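Overview (structure and organization)
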Amino acid sequence: MTERRVRVRFAPSPTGPLHIGGVRTALYNYLFARKHGGDFILRIEDTDQTRYVPGAENYIIEALKWLGIEPNEGVGFGDGSHAPYRQSERKHLYREYAEKLLASGHAYYAFDTTEELEAMRERLKASNIASQYDAITRMAMKNSLTLSEDEVIRRIGSGEPYVIRIKLPKKEEVKFQDMIRGWVSVSTSQMDDKVLYKSDGMPTYHLANVVDDYLMQTTHVIRGEEWLPSAPLHVLLYRYLGWEEVMPEFAHLPLLLKPEGNGKLSKRDGDRLGFPVFPLEWEDPSTGEVSSGYRETGYFSEAVVNMLALLGWNGGTTQEVFTKEELIQAFSIERVSKHGAKFDQNKARWFNQQYLRQRDDTDIAERLKPVLVANQVHASDDYITKVCGLMKEKVHFPKEIWDLGYYFFIEPLKFDAEVVKKRWKDFAPAFIGSLKDKFNRSTIFTAGEIEKLFNEALAEQNLQSKDVLQVFRLSVSGMGAGAPIFETVELLGKDKVVNRMERALNEIHTYA
Ligand code: GLU
């Protein structure tokens, strides 16, 4: 067989905002496609109309765009060589394949009502058998295997609702090779005769998924571990439809786990521990409930991509910070782990910090501006940029520059009582007083000059830097830690600094 062009797809169902686990699936598909010079397709699997959520599809597209992991084909992308890419618009295509399976004896009609199915479940439960519609139980149900041909024709002719089910052999091993897990083998005795085609004239996920992967010439199915139990069924569908030759290779990705490691990462974990589990903010259209997003929280998309790439994959070296191009080069399915990857919020923040440090001060300033506007603060672009330059080593997010450095823009709201208690010793007022006088007399107010005056004051009072450096910082910022202090003081400017030191002398003793 000639080498086929690599074609992979991300096939979400538009049932709500895309979870970051889904984003990671999309990312691995993207990296794999780019690495092999292939196509990355976005297909929307919306056959279950009852679970359709308005806005979800746009959300998915916007998220992929924001992250810079754009498909080159599919809903919202590319020239549409295999269009349409929404399964609801491909409805007319699937019936033919269900018919083909009926004709070859690999599928059958079933007429059982909800009550009859429920009664079957109860019966099986009473005899302690896992309830399945399978090779044994189907013989006691109303389907084209148990009813006469005339009866089947009559029922269909009279418009009675029916489904089409796959007909699985009673006991047969289904084997396939997963790129991550190796050989997987499941007996059909553990599987059930899944519905392929529903009474509403829509295919189920299984049929539509396999038919579309075939028609769209998918070469590799890279998806979440939750689909592993469906894979044997899909393998049988490829076989029964005569497509085994072109069956895609499967790679089932490990789960993203809760930070504690027990169980799948959920939205509730994010709410409980205060981190987003969605790429973008999402407002639930029915409840109005808003869930936070990485973008709105201040994450750089590159940091999110980098973090997710390493949750379940590693490059085999100690390198952690990867550009997207480096990821494309380094990525391989062979290095994806079988085991679930624990989500680590601190690592996510750490990645953001790495990318923040690489940014230009002007770029960070642009991201800080909306926060300043929201706090009714006005400052020149030049000043904001300088603040960002001083603060960027200290924070994980642009908005933290306000949280931890608001005193660059407005007067300190208070003096940190902890620091006062620990550091505001008897000698502090005299030191701050003398330094303030030196500042007042000085005509140059540069970081170098400020440091010189500081050292002079130290020498005169027989103090060491560690005795008063934090006190000095406290007097001008209200805080015990922050950006390099002499540069901070220079940027604040002489008048402001002298006023603040005066205020400190008047106020701090009231804290003790
Ligand atoms: N529609 C499925 C989902 O929502 C796709 C699974 C697959 O990739 O086959 O995840």
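The structure under discussion appears in the preceding block.
Reference entry: report on the structure contained in this document. All values reported here derive from a predicted model rather than from experimental measurement.

Before going further, it helps to examine the site of the ligand. Around the ligand lies a shell formed by R9, A11, P12, S13, E45, Y205, N209, R223 and W227. Here S13 contributes a side-chain N or O atom positioned 3.2 Å from a nitrogen atom of the ligand. Y205 has a polar side-chain atom sitting 2.9 Å from an oxygen atom of the ligand. Burial of the ligand by the protein amounts to 84% of the accessible area it has alone, namely 300 Å². In this structure the site holding the ligand corresponds to the largest pocket.

A few words now on helix α7 (residues 231-240). Across the 10 residues that make up α7, a large majority, 9, are buried. Along α7, the residues classified as buried are A231, P232, L233, H234, V235, L236, L237, Y238 and Y240. Note on α7: the residue one or two positions beyond its end, G242, has a positive phi of about 80°.

Let's shift gears to the layout of surface pockets. Computed from the structure, the largest pocket encloses a volume of approximately 1000 Å³. What lines the largest pocket is a set of 41 residues, and nearest its centre among them are P12, S13, T15, E226 and W227. Elements with a contribution of two residues or more to the lining of the largest pocket: β1 (7-10), α1 (20-35), α6 (205-215) and β9 (220-224). Among the elements that make up the lining of the largest pocket, the one with the highest residue count is α1 (4 residues). The class makeup of the residues in the lining of the largest pocket is 17 nonpolar, 12 polar and 12 charged. Its volume calculated, the second largest pocket comes out at about 370 Å³. The wall of the second largest pocket is formed by 20 residues, among which L117, R121, V163, R165 and V195 lie closest to the centre. The residue inventory of the lining of the second largest pocket, partitioned by class, reads 9 nonpolar, 5 polar and 6 charged.

Cut-off values and rules
Residues numbered from 1 in each chain as written. Predicted model: local features only at pLDDT ≥ 70, side-chain atom pairs only at ≥ 80, totals over all residues. Heavy atoms only, no water. Near = heavy atom within 4 Å. Polar contact = N/O pair within 3.5 Å; in protein donor to acceptor, adjacent residues only side chain to side chain. Areas by Shrake-Rupley, 256 points an atom, 1.4 Å probe, with all protein chains shown as cover. 1 Å grid on protein atoms, 1.4 Å probe; cavity = no way out; pocket = protein on both sides within 12 Å on 5 of 7 lines; lining within 4 Å. Sits in = over half its atoms within 2 Å of the grid points. Buried < 20%, exposed > 50% of the residue type's maximum accessible area, 1.4 Å probe, protein only. Helix = DSSP H or I, 4+ residues; strand = E, 2+ residues; numbered from the N terminus. Points joined across faces, edges and corners; volume = space filled by probe spheres on them. Nonpolar A, V, L, I, M, F, W, Y, C, P; charged D, E, K, R; others polar.

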